[in-house]
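Structure assessment
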Amino acid sequence: MATKLSAPFLVRHEFLLRRLHSLSGLVPVGAYMVVHLITNATIWSGAGTFQRAVNQIHSLGPVLPLVEWAFIFLPILFHGLYGIVIIRSGLPNNGSYSYFTNIRYTLQRASGLIAFLFIMWHVFHMHGWIHNSQWREFIEGIGGKFFPFNAATTATDAIQASFLIRAAYFVGVVACVFHLANGIWTMGITWGLWTTPEAQRKANCVAGSIGAVLLGIGLLAWAGFALRSSDSDAERALENKIIDARIEAGQITEGEAKHKRVPTEKKRSSADVGETVLGET
Amino acid sequence: MADTSSKPDHFEVRVLRQDGPQASSYWERHRVRYEPDMNVISVLQRIASQSQTVDGKEVSPVAWECNCLEEVCGACTMVVNGRVRQACTALVDRLMAEQESDIELQPMSKFPVQRDLVVERRRMFRGLEKSKAWVTVDTYGPMGAGPRISQTEQENNYPLSQCMSCGCCLEACPQYTKVELVQGDSESDDAFAERQDSTFDGEFVGAHAISQVMLFNGHPIAKNDANERLDSLMAPGGIQVCGNAQNCVAVCPKEIPLTTSIARAGRATTVRAITKFFG
Ligand code: HEM
Ligand code: SF4
Ligand code: SF4
Ligand code: FES
C-alpha cells in the first residue's frame, strides 16, 4: 500500500503522527502536568517550601528555556495543534448514540480544546513564554505577574486578581485532569495494552482512580492559590529573605535576582492585593 | 408476545426520501394499518402498495433493499428511529414499546444515497479489498488436508467471521465521515470507479475491515499475508484514525468484538512499525 509521494505530509505520515500524538500526551506532557500539579500543591506547606521547589527549577539557569521548550512547550504545542487537526477530522454524534464511551470521546475533544486555550493563556499569564526582561515588562502591564523568586505571593496575587481568573483556573485544571485520565485509557487501546472488554473495564477503573487522585492534587493546588488566605506581607518578607540569603551565599547573582523578583521600586501596596483575597486578616 | 389490545389501528411512518443521487432529500409521511408482528420491511411493503401519503397525495413507491430477511445479509440496513439497524429485524411492536410516536426511517448517512433508503456501500468493499480480507491460495490443484485449527483459535475467529458488511459500525462511528464523489460528464465508469477507490483509500477504513484483518491474520493459511494487511492498516485512513468512541461495538448486530480487534490490531501495528523501523 505505497502512499503517493504527492500526498500532503500530514496524510503520508498519519500513522506515525497519531502514535507520536498519543505518546506525547503521556510523556512528556502528561508526566510534566503531574509533577507541575504536585509542585503547586506544596504551597500548602508554606511560601518557603514552595519557593524552594521553584528555586530548584530555576537552578537550571541559562538552560532552563531550552529545557522548557524542548520538553514542555514544543511537545504541548505539537500535541495541541495536531489534536485540533484530529478534532476537525471527526463528527461527534452523541445525539443519536449516547453510549458512555461515545460521550467520553466527545469530552476528550472538548477538554482538549479547553486545555489548549487554558494552557496558552496560563503560560502567558504566569510566564510570558520567553525569558526576556523587556517582553516581561510589557506583558506585566497587560496581566503577566509572576516573579519566580517571589513565587507564592505573586502567583497568589495573579490568580486572586478576579473571580474570572479563579474560575478559569478551576475549569482549566479539571479539564486537563479529565483529559489525561481518559487519555490514559484510550492510549492503552491505541497501543494494544488492554484488548478484551474485561481488560478494558479493569483499565477503566485504574485510569479512573489515577484521575481521581490527580483531581484531588489538582484542586488542592488550585485552592492553594485561588482560595488560601495568608499573611501576604509576611510571606513576601520571607521570600525576600530567601533571595537575600542566596545572593549572599553566592548561589545567584544580584543581576539574576533583579529579573526574577518583584521590582523593589514597585513596593507592594495593600491595593495591589485587592479586596478579593478571601478572608485576609 | 405482543399485547395487541393496546395497539393503535394505524400508525404513522416518516420517511426521508431522495429521488436520485445528489438530489435533495425531503420528509414524507405515510399512514399504515397496524397488524401484529410487523417488521419495518412489511411496513415498507404496505407503504409501497399504498403509494399514498397521509394527505392522500399519490407518490412513487419508497425504494429500499432487502434480501435474507433474517439479519444475515445486511442489505436492509437503515436508520430506524435515529439508530442504525437492520429493517428486517426492527419489529414494530418493539419500536412502539421503545418510543410511543411515529416510526422514522432514514437512509444511512455515511454512504451516498442512490434512491430513498438505498445507499451505495462501495467504500466498504474497497476497504476489504485494500486490507486483503481473503485467503490467498495460489493453486487450483489439491493441496491435501489443511492445517489443524485449535479450539481457542476457532473460538477467537468464529465471531469475527460473522461480519455481514452491513455498515452499522461505520454509520455509528464519529471518525467515519461520508465521502460522495460525482461522476464527471466525460468520465468513463472505469475512470470514476478508480477515482472513487483512490479517494476511499485515504479515508478511514473503519472497524469492520480492521476486524477482518485480525480474522485473516489469525487464519493458518491467510497468515502468509499478515504483514501486508498490517501495512494497509498503517497507511493513511488506517487504524490510527480510530478515536476509541466504541460506538461500533455497541451497534454491531452480530456482536462482533470490534474494539478487541481494534486493540489487537493496535498492538500488531505497533510491533510491525517498530520491526520495520529497525529493518
Ligand atoms: C495538559 C495537557 C494535555 C495532556 C496531559 C494530554 C494528554 C493526552 C493523552 C494521554 C491522550 C491519549 C492519547 C491516545 O488516546 O492515544 C490525549 C489524547 C488527545 N488529546 Fe491531549 N493532552 C493535553 C492537551 C491537549 C490539547 C491542548 C489538545 C488539543 C486541543 C488535545 C487534544 C487531544 C485529542 C484530540 C486526543 C484524542 C486523540 C485520539 O483519540 O486519537 N490534548 N491527550
Ligand atoms: S462488523 Fe458488525 S456492524 Fe460492522 S459491518 Fe460487520 S456485521 Fe455490520
Ligand atoms: S472505536 Fe474507533 S472504529 Fe469504533 S466507533 Fe469508535 S472511532 Fe469508530
Ligand atoms: S434483509 Fe438481510 S439483513 Fe435484513
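Quick caveat, the model's predicted, so the values are computed rather than measured.

This part covers the pattern of salt bridges. Residues and elements named next belong to chain B. Under the counting rule described, the total for this entry stands at 23 salt bridges over all chains. Residue Glu65 is joined to Arg121 by a salt bridge in which the shortest nitrogen-to-oxygen separation is 3.8 Å. One end of the pair, Glu65, is in the loop between helix 1 (40-50) and strand 3 (77-80); the other, Arg121, is in the loop between strand 7 (118-119) and helix 3 (122-130), with 56 residues separating them in the sequence. Note on Arg121: relative accessible area 10%, which makes it buried. Close ionic contact of Asp197 with Arg126 constitutes a salt bridge, the shortest N to O distance being 4.0 Å. Pair noted here: Asp197 is in helix 6 (residues 189-201) and Arg126 is in helix 3, with a separation of 71 residues, a long-range link. Note on accessibility: Asp197 and Arg126 belong to one class, buried. Through salt bridges that share partners, Arg122, Arg126, Glu129, Asp197 and Asp201 make up one connected network.

Residue and element names in this part refer to chain B. Look at helix 7 (residues 207-217) against helix 10 (residues 258-277): their axes get within 9 Å of each other, and the N-to-C directions meet at 65 degrees. Crossing of helix 7 over helix 10 shows left-handed handedness. Of helix 10, the residues touching helix 7 (which contributes Ala207, Ile210, Ser211 and Met214) are Leu258, Ser261, Ile262, Arg264, Ala265 and Ala268. In the contact of helix 7 with helix 10, the residues fall into seven nonpolar, two polar and one charged.

A few words now on the site of ligand 2. The full set close to ligand 2 counts 14 residues, and B:Cys163, B:Cys166, B:Gly167, B:Cys169 and B:Cys252 are the nearest of them. Residue composition of the shell around ligand 2, grouped by class: ten nonpolar, three polar and one charged.

Quick look at the coordination of the iron atom of ligand 1 now. A:His79 (NE2) and A:His179 (NE2) make up the full set of protein donors to the iron atom of ligand 1, lying at 2.0 Å. Judged by its relative accessible area of 15%, A:His79 is buried.

So, on to helix 5 (residues 100-126) of chain A. Under the 1.5 Å per step criterion, the end-to-end length of helix 5 of chain A is 36 Å for 27 residues, consistent within 8% with the ideal 39 Å. A:Gly128 lies just past helix 5 of chain A and shows a positive phi near 85 degrees.

Listed per partner, the contact involves 36 residues of chain B and 31 residues of chain A. Ranking the residues of chain B by area buried against chain A places B:Pro236, B:Gln240 and B:Asn244 at the top, with a combined share of 20%. For the pair chain B and chain A, the number of links is 20 residue pairs in polar contact (both at pLDDT 80 or more). Looking at the side of chain B that touches chain A, the elements with two or more residues in it are strand 4 (83-86), helix 8 (226-234), helix 9 (247-251) and helix 10 of chain B. A breakdown of the residues in the side of chain B that touches chain A according to their chemical character gives 15 nonpolar, 16 polar and five charged.

A separate point is the domain arrangement of chain B. Residue and element names in this part refer to chain B. Partitioning chain B into domains gives domain 1 (10-115) and domain 2 (121-138 + 146-278). With centres defined by C-alpha atoms, the gap from domain 1 to domain 2 works out at 29 Å. Every contact between the two is made by 19 residues of domain 1 and, on the other side, 20 residues of domain 2. Summed over both partners, the interface of domain 1 with domain 2 comes to about 1700 Å²; 54% of that surface belongs to carbon and sulfur atoms. Sorting the residues of domain 1 by area buried against domain 2 places Gln22, Lys110 and Phe111 first, and these three jointly supply 39% of that buried surface. Between domain 1 and domain 2 we count one salt bridge in total.

A few words on the pairing of strand 2 (residues 25-33) of chain B. Residue and element names in this part refer to chain B. Relative to strand 2, strand 1 (residues 10-18) runs antiparallel, the two sharing nine bridges. Bridge pairing in strand 2 links Glu12 to Arg31. Taking the residues that link successive antiparallel strands as the turn, the strand 1-strand 2 hairpin has six residues, and the phi of Gln22 there is positive, at about 65 degrees.

Glancing now at the confidence of the model for chain B. The predicted model of chain B has a mean per-residue pLDDT of 95, with 98% of residues at 70 or higher. Both confidence scores are given for the complex: pTM 0.92, ipTM 0.92.

Applying the stated criterion across every chain yields a total of 13 aromatic pairs over all chains. Residues B:Phe111 and B:Tyr176 carry aromatic rings whose centres are separated by 6.0 Å and whose planes lie at 55 degrees to one another, so their mutual orientation is tilted. In this pair, B:Phe111 is assigned in the loop between strand 5 (103-106) and strand 6 (113-115) and B:Tyr176 in the loop between helix 5 (168-171) and helix 6, connecting sequence segments 65 residues apart. What makes B:Phe111 buried here is its relative accessible area of 1%. The ring centre of A:Trp191 lies 4.9 Å from the NZ or CZ of A:Arg19, which sits over that ring. When the ring centre of B:Trp27 is taken as origin, the NZ or CZ atom of B:Arg14, which lies over that ring, is 4.3 Å away.

When pLDDT is averaged along chain A, the result is 89; 90% of the residues meet or exceed 70. Predicted confidence for residues 267-281 of chain A stays below pLDDT 50, and this span has 23 contacts to residues more than four positions away or in other chains.

Relative to the helices and strands, A:Ala155 resides in helix 7 (residues 151-160). With residues near it in sequence (within four places) discarded, A:Ala155 still touches A:Met126, A:Phe146 and A:Phe225.

Residues and elements named next belong to chain B. Taken in spatial order, the five strands of this open sheet run 2-1-5-3-4, and their pairing is mixed. The sheet terminates laterally at strand 2 and strand 4, the two strands that pair on one side only. Across the sheet, the mean angle separating the axes of adjacent strands is 30 degrees when strand polarity is ignored. Two elements, strand 1 and strand 5, share three bridges in a ladder whose sense is parallel. Bridge pairing in strand 5 links Arg14 to Glu104. Lying over the sheet, helix 1 contacts strand 1, strand 2, strand 3 and strand 5, oriented at roughly 95 degrees with respect to strand 2.

Quick look at the environment of A:Gly192 now. Along the chain, A:Gly192 falls in the loop between helix 8 (163-190) and helix 9 (197-226). What makes A:Gly192 buried here is its relative accessible area of 1%. Once you skip the residues sitting within four places of it in the chain, A:Gly192 turns out to touch B:Ala263, B:Gly266 and B:Arg267.

Each value, and the rule that gives it
Residues numbered from 1 in each chain as written. Chains lettered and ligands numbered in written order. Predicted model: local features only at pLDDT ≥ 70, side-chain atom pairs only at ≥ 80, totals over all residues. Heavy atoms only, no water. Salt bridge = Lys/Arg side-chain N within 4 Å of Asp/Glu carboxyl O. Helix = DSSP H or I, 4+ residues; strand = E, 2+ residues; numbered from the N terminus. Buried < 20%, exposed > 50% of the residue type's maximum accessible area, 1.4 Å probe, protein only. Axes fitted to C-alpha atoms, helices over the stretch in contact; angles between N-to-C directions. Left-handed = near helix turned anticlockwise from the far one by under 90°. Contact = heavy atoms within 4.5 Å. Nonpolar A, V, L, I, M, F, W, Y, C, P; charged D, E, K, R; others polar. Near = heavy atom within 4 Å. Donors = N, O, S within 2.8 Å, 3.2 Å for Na, K, Ca; no water. Expected span 1.5 Å × (residues − 1). Buried area = accessible area lost by both parts, 1.4 Å probe. Polar contact = N/O pair within 3.5 Å; in protein donor to acceptor, adjacent residues only side chain to side chain. Domains from an automatic or database assignment. Pairing = 2+ DSSP bridges. pLDDT = per-residue confidence, 0-100. Phe/Tyr/Trp six-rings, centres within 6.5 Å; stacked < 30°, edge-to-face > 60°. Lys NZ or Arg CZ within 6 Å of the ring centre and 35° of its normal.

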